[in-house]
Amino acid sequence: MEMKQQRLQREIEANIADRLGRECVFMPSGRIALYCALRTHLKAGDALLMSPVNDDVIYFTVLAAGVRPVMAPLSADDGNIDVEAVPAETWSRVRGVLTTNLYGLPDRVEKLRERCAALGIPLIEDVAHAIETSVGGKPLGSFGTAAAFSLSKHVDAGCGGVLALGDGSLRRDIEALRDGVVMARGPLQLAGDFVKPRARAVLDALGVTGALRSTRLVEVLLRAERGSAHRMDLHADELRRAIAQGAVLDAFEPWVRVDRNDYRMMPGVDALKRILARLRRLDADREERIRAVERLRRELDLVAPVACRGEPLPLFRVPLLVTDRDAVRAELGGRGFWAHYIYDPPLDDYAGAEFADPSPAPDAARWWARHVLPVNPLRADIVIAALRSQAPARALWAGAQ
Ligand SMILES: Cc1ncc(COP(=O)(O)O)c(C=O)c1O
């Protein structure tokens, strides 16, 4: 690897390590960070407690690590794991816990850490949505046995990830694991590395802004990979064959690569510089997000109650709760804003009992997954203009109690 590339990776690691006070290892993507954490801290065949309201790519990453997903009961308040509702029988057989920190709303990470410590099992934090969220003054990513960051979310670099280690002495092992799955950038990616920064400069010169150029294009690309649903096709026969091979990432390639086909390729120098520049403005991004969340909850009746309590959080996405999400989403789409990160149906309904242990209490997850519309707070203008007149749907849940 080029010296320059290596130096930039070290600077990125140091930036996050300074925030967390933990050893960090650069990764080509968040999903590879998670894969390395799972391969390191769990054995093939182990059961892992996780949220059913999560990206399907993450579900397939768990399967690719040879681990059996066990779906947790969720809180209808925030769509994260309801720790108290996890049955004793489940605690007795899971060998690890994976958090989601959905949209930047923190998991009950202190309770989970306590439980995991008492059972002697690893807590793996997925901090993809929550790089700017703290609990009790401590940043998420500093609680678990390991924590996976994606640099495609708040950092918005379109590539890269970081794995933060509770035990820094694992660094060499983790690097070896990562290097064993990383693939060289092919001619197509190298051409893209050359063309993309120049295309970006042309769009900038023409005044085509981020909102305009990301939304429609992303929508078209994502639709192409997922059909018309929020979940990709499961392809049960192929999945059965992949699982039979054990923890072999190559076998899960068709599922794990969705939305990010270069997820196993280390970013080039230009992309690394972009990551670093954006990481360095994370504090400014945090301020912008907090102001935008404050404004959304002041001006819209639809913000989920959890995002309205206490000090506003620097959320990745702000959860709105709406009765007819398709209609609201289409209304926003008409204004050039497509909401993504909708995880509906919950993974246990999507995958079925053959491929995941179902939640013992699925209703809250189903309700949350059906009604939540995550919106980018940095697009508050469009969201407020489109939705000011919508009636809130929160009463639905209160009525169902
Ligand atoms: C909750 C969650 N975790 C992890 C990831 C993986 O991040 P990456 O795209 O960098 O692999 C995603 C991607 O959308 C995600 O939504």
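Quick summary incoming for the structure in this document.

What counts, and where the lines are drawn
Residues numbered from 1 in each chain as written. Predicted model: local features only at pLDDT ≥ 70, side-chain atom pairs only at ≥ 80, totals over all residues. Heavy atoms only, no water. Helix = DSSP H or I, 4+ residues; strand = E, 2+ residues; numbered from the N terminus. Buried < 20%, exposed > 50% of the residue type's maximum accessible area, 1.4 Å probe, protein only. Contact = heavy atoms within 4.5 Å. Areas by Shrake-Rupley, 256 points an atom, 1.4 Å probe, with all protein chains shown as cover. Core = buried A, V, L, I, M, F, W, Y, C linked by side-chain atoms within 4.5 Å. Domains from an automatic or database assignment. Phe/Tyr/Trp six-rings, centres within 6.5 Å; stacked < 30°, edge-to-face > 60°. Lys NZ or Arg CZ within 6 Å of the ring centre and 35° of its normal.

**Points about the overall build of the protein**
Right, so step 1: Helices and strands together make up the secondary structure of the protein, namely 17 helices and 11 strands.
Right, so step 2: Within the protein, the proportion of its 401 residues that are buried is 54%.
Right, so step 3: Of all intrachain contacts in the protein linking residues separated by at least 6 positions in sequence, the fraction that spans at least 24 positions is 72%.
Right, so step 4: Of the roughly 16,600 Å² of accessible surface on the protein, a fraction of 53% belongs to carbon and sulfur atoms.

**Observations concerning the nonpolar core**
Right, so step 1: Counting 80 residues, the largest nonpolar core has Ile-275 and Leu-320 as the members making the most contacts within it.
Right, so step 2: Composition of this core by domain shows at least three residues from each of domain 1 (3-181) and domain 2 (282-400).
Right, so step 3: Filtering out sequence-adjacent residues up to four positions away, Leu-320 remains in contact with Leu-300, Leu-302, Val-303, Ala-304, His-371, Val-372, Leu-373, Val-375, Val-383 and Leu-387.
Right, so step 4: The next biggest cluster of nonpolar side chains, apart from the first, holds 47 residues, and it includes Met-27, Leu-48, Ile-58 and Ile-174.

**A few points about the packing of aromatic side chains**
Right, so step 1: One pass over the structure, following the stated rule, counts seven aromatic pairs.
Right, so step 2: When the centroid spacing of 6.4 Å and the interplanar angle of 75 degrees are considered together, the rings of Tyr-59 and Tyr-350 count as edge-to-face. Taken together, the positions of Tyr-59 in helix H3 (residues 56-64) and Tyr-350 in helix H14 (residues 347-351) put the pair 291 residues apart, joining distant regions of the chain. Note on accessibility: Tyr-59 and Tyr-350 belong to one class, buried.
Right, so step 3: When the ring of Phe-60 is compared with that of Trp-255, the centres are 5.7 Å apart and the planes differ by 25 degrees; the resulting orientation is stacked. Separated by 195 residues along the polypeptide, Phe-60 in helix H3 and Trp-255 in helix H10 (residues 253-256) bring together distant segments of the chain.
Right, so step 4: Relative accessible area serves as the criterion here: at 4%, Trp-255 is assigned to the buried category.
Right, so step 5: The structure contains a cluster of three or more aromatic residues connected by ring pairs, namely Tyr-59, Phe-60, Phe-252, Trp-255 and Tyr-350.
Right, so step 6: Sitting above the plane of the Phe-143 ring, Lys-138 keeps its charged end 5.0 Å from the centroid.

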